[in-house]
Each structure stands twice: as C-alpha cells, then as structure tokens.
Amino acid sequence: VQLVESGGGLVQPGGSLRLSCAASGFTFSRYAMSWYRQAPGKERELVAAITSAGGSTNYADSVKGRFTISRDNAKNMVYLQMNSLKPEDTAVYYCYAIYQGIGSMKYDYWGQGTQVTVSS
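Residues numbered from 1 in each chain as written. Predicted model: local features only at pLDDT ≥ 70, side-chain atom pairs only at ≥ 80, totals over all residues. Heavy atoms only, no water.

J.: Which residues make up the sheet that holds strand S8 (residues 77-82), and what values do they have?
T.: Sheets are built from strands that pair by backbone hydrogen bonding, the pairs being arranged parallel or antiparallel. Ordered by their spatial adjacency, 4 strands build an open sheet running S1-S3-S8-S7, and the pairing between neighbours is antiparallel. Every interior strand has two partners, whereas the edge strands, strand S1 (2-6) and strand S7 (67-72), have only one. When strand polarity is set aside, the average angle formed by the axes of neighbouring strands in this sheet is 15°. Where strand S3 (residues 17-24) lies against S8, 6 bridges are found, and the strand directions are antiparallel. Opposite Ala22, over in S8, you have Met77 as the bridge partner. (Pairing = 2+ DSSP bridges. Helix = DSSP H or I, 4+ residues; strand = E, 2+ residues; numbered from the N terminus. Axes fitted to C-alpha atoms, helices over the stretch in contact; angles between N-to-C directions.)

Okay, structure coming up:
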C-alpha cells in the first residue's frame, strides 16, 4: 500500500498550489480520502475530506472557499487545489485513506507528507 503526495513547495502569500496524492495497493474507490496538515509545534488537523464516490466533501473552516478537494477514481488520485494561500497554511500536508466496514472493521493509510511553505 502506498500513498505518495506531490506538489508541495514554496509559494508567496496569495498564490496557489495543487497537491496530488497517488494511491496504490488497495481498492481506492472504496476509500474515503482526506488531506491533513501539521504545522510545527501543532497537532495534525483535518483540512478537507471527500467520500469514496466523490459525492460529498467537507472542509475545515479555515480553508473553506479557498481549498478544493477532488478525486479521480479511474486514476487512483486525490487532489487538493489551494488558492489564496496564507502564511498560516504553512505545514506538512498528508494524504489519508480510510475504509470503514461493518462493525469495528477499519483500514486506514497515511502518506509520507509534502511540505507547503507560504512566505514572501
């Protein structure tokens, strides 16, 4: 199982980045996908999530209207389009996959993270 993030980097405030997460080794279309982030000295937080079929999304209040999560089940990819970036968006961004079956059965996986730095 692999989740490989890409697309991070250094961007000026107000700029945009598109993160990608390539999934392999599991049945991607059955898993809900999320992006989390962790800034230095802070806890990891949920940024955005999307259901397995892509029909529903949700976002942290801090990114609503600026970030968009999407997925392509044919390509086993999930994306995070980030616009109007702010210095407080600086963090390591992680891709997360979760499948919850009947009862307590759960399978979940994390990517290795990609650094996003917003600075002038």
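J.: How would you explain the layout of surface pockets if you had to name every residue and give the values?
T.: Where empty space is left in the structure can be found by rolling a water-sized probe over the atoms. Of the voids in this model, the largest pocket is the one considered here, and its volume is about 180 Å³. The wall of the largest pocket is formed by 13 residues, among which Arg37, Lys42, Glu45, Glu88 and Asp89 lie closest to the centre. (1 Å grid on protein atoms, 1.4 Å probe; cavity = no way out; pocket = protein on both sides within 12 Å on 5 of 7 lines; lining within 4 Å. Points joined across faces, edges and corners; volume = space filled by probe spheres on them.)

J.: Give me the lowdown on the side chain of Glu5, citing residues and values where you can.
T.: Residue position: Glu5 is located in strand S1. Although buried, Glu5 forms no salt bridge, and the nearest oppositely charged side chain, Arg44, lies 7.7 Å from it. A distance of 2.8 Å separates a polar atom in the side chain of Glu5 from the backbone nitrogen of Cys95. Among the polar contacts listed, one links the side chain of Glu5 to the backbone nitrogen of Gly113, at a separation of 3.0 Å. (Buried < 20%, exposed > 50% of the residue type's maximum accessible area, 1.4 Å probe, protein only. Lys, Arg positive; Asp, Glu negative; His and termini not counted. Salt bridge = Lys/Arg side-chain N within 4 Å of Asp/Glu carboxyl O. Polar contact = N/O pair within 3.5 Å; in protein donor to acceptor, adjacent residues only side chain to side chain.)

J.: Could you give me a rundown of the packing of aromatic side chains, with the residues and numbers involved?
T.: Under the definition given, this model contains 10 aromatic pairs. Relative to Tyr109, the ring of Phe26 lies with its centre 5.2 Å away and its plane at 40°, an arrangement referred to as tilted. With a gap of 83 residues between them, Phe26 in the loop between S3 and strand S4 (32-38) and Tyr109 in strand S10 (residues 106-110) connect regions that are remote in the sequence. Overall, Phe26 belongs to the buried group, its relative accessible area being 12%. On the basis of an interplanar angle of 35° and a centroid distance of 4.3 Å, the ring pair of Tyr96 and Trp110 is categorised as tilted. Residue Tyr96 is found in strand S9 (residues 91-100), and its partner Trp110 is found in strand S10; the two are separated by 14 residues along the sequence. Using a relative accessible area of 8% as the deciding quantity, one classes Tyr96 as buried. (Phe/Tyr/Trp six-rings, centres within 6.5 Å; stacked < 30°, edge-to-face > 60°.)

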